[in-house]
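Descriptive structure summary
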Amino acid sequence: MEKIVKARISHDDLERIRNSANTCGLTVSEYIRRAALEKKVAPITDGQAVGELRHVAAMLKHLYPKSSNWTNAEKRKYWDGFEHLLAIAKSIEDRGR
């Protein structure tokens, strides 16, 4: 059974909460619940960014020139870039938790 909780907050704080909730695609109530219970509260753009980074990494993986005359250092640099994109995506995901 759900209960209604009342709290006093300033007008400025309410506006900040509303803006943050909008950014995350949540209602004010859901945003406050998640924040208070230390659940994931991440802006929608974070999820989109993670998806795009993973997409670019997948494209890089499939574009790797298998029959090239690259040196081992060049190959390592290519794969380091791939791994770096995935690390950034994971970092963004972890920040939202």
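Not measured: the values here are computed from a predicted model.

Our next topic: the overall build of the protein chain. Of the regular secondary structure elements, the protein chain holds 4 helices and 0 strands. Of the regular secondary structure in the protein chain, the N- to C-terminal order runs α-α-α-α. Against the 2.2 N^0.38 benchmark of 13 Å for 97 residues, the protein chain shows a C-alpha radius of gyration of 21 Å, more extended than a compact globule. Each of the three principal axes of the protein chain carries a C-alpha extent, and together these read 65 × 30 × 15 Å. Look at the contacts in the protein chain between residues 6 or more apart in sequence, and 40% of them connect residues 24 or more apart. Of the roughly 8,000 Å² of accessible surface on the protein chain, 54% is carried by carbon and sulfur atoms.

Listed in full, the 7 residues of the largest apolar core are V50, L53, A57, F82, L85, A89 and I92. Elements supplying a minimum of two residues to this core: α3 (44-63) and α4 (72-95). Among the elements that line this core, the one with the most residues is α4, at 4 residues. In contact with F82, other than residues within four places in its own chain, are A57 and K61.

Applying the stated criterion to the full structure yields 3 aromatic pairs. Measuring from centroid to centroid gives 5.5 Å for Y78 and W79, while their planes differ by 80 degrees, and the two rings are edge-to-face. Accessibility expressed as a relative area gives 23% for W79, which makes it partly exposed. Members of the aromatic cluster, joined through ring pairs, are W70, Y78, W79 and F82.

Below, the discussion takes up the pattern of salt bridges. This model, assessed by the stated rule, comprises 5 salt bridges. E30 is the salt-bridge partner of R34, the closest N and O atoms lying 2.9 Å from each other. With R34 and E30 both in helix α2 (residues 28-36), this residue pair falls 4 residues apart, about one helical turn. The partly exposed category is assigned to R34, whose relative accessible area is 27%.

Looking now at the environment of E52. Within the secondary structure, E52 sits in helix α3. Put simply, E52 and D12 are 40 residues apart on the chain and 34 Å apart in space, counted from C-alpha to C-alpha.

Further remarks concern the confidence of the model for the protein chain. Per-chain confidence: the protein chain averages 84 in pLDDT, with 94% of residues scoring 70 or above. No element of the protein chain has a lower mean pLDDT than α3, at 82, and none a higher one than helix α1 (residues 11-24), at 90.

Conventions we followed
- Residues numbered from 1 in each chain as written.
- Predicted model: local features only at pLDDT ≥ 70, side-chain atom pairs only at ≥ 80, totals over all residues.
- Heavy atoms only, no water.
- Helix = DSSP H or I, 4+ residues; strand = E, 2+ residues; numbered from the N terminus.
- Rg over C-alpha atoms; globule rule 2.2 N^0.38 Å.
- Contact = heavy atoms within 4.5 Å.
- Areas by Shrake-Rupley, 256 points an atom, 1.4 Å probe, with all protein chains shown as cover.
- Core = buried A, V, L, I, M, F, W, Y, C linked by side-chain atoms within 4.5 Å.
- Buried < 20%, exposed > 50% of the residue type's maximum accessible area, 1.4 Å probe, protein only.
- Phe/Tyr/Trp six-rings, centres within 6.5 Å; stacked < 30°, edge-to-face > 60°.
- Salt bridge = Lys/Arg side-chain N within 4 Å of Asp/Glu carboxyl O.
- pLDDT = per-residue confidence, 0-100.

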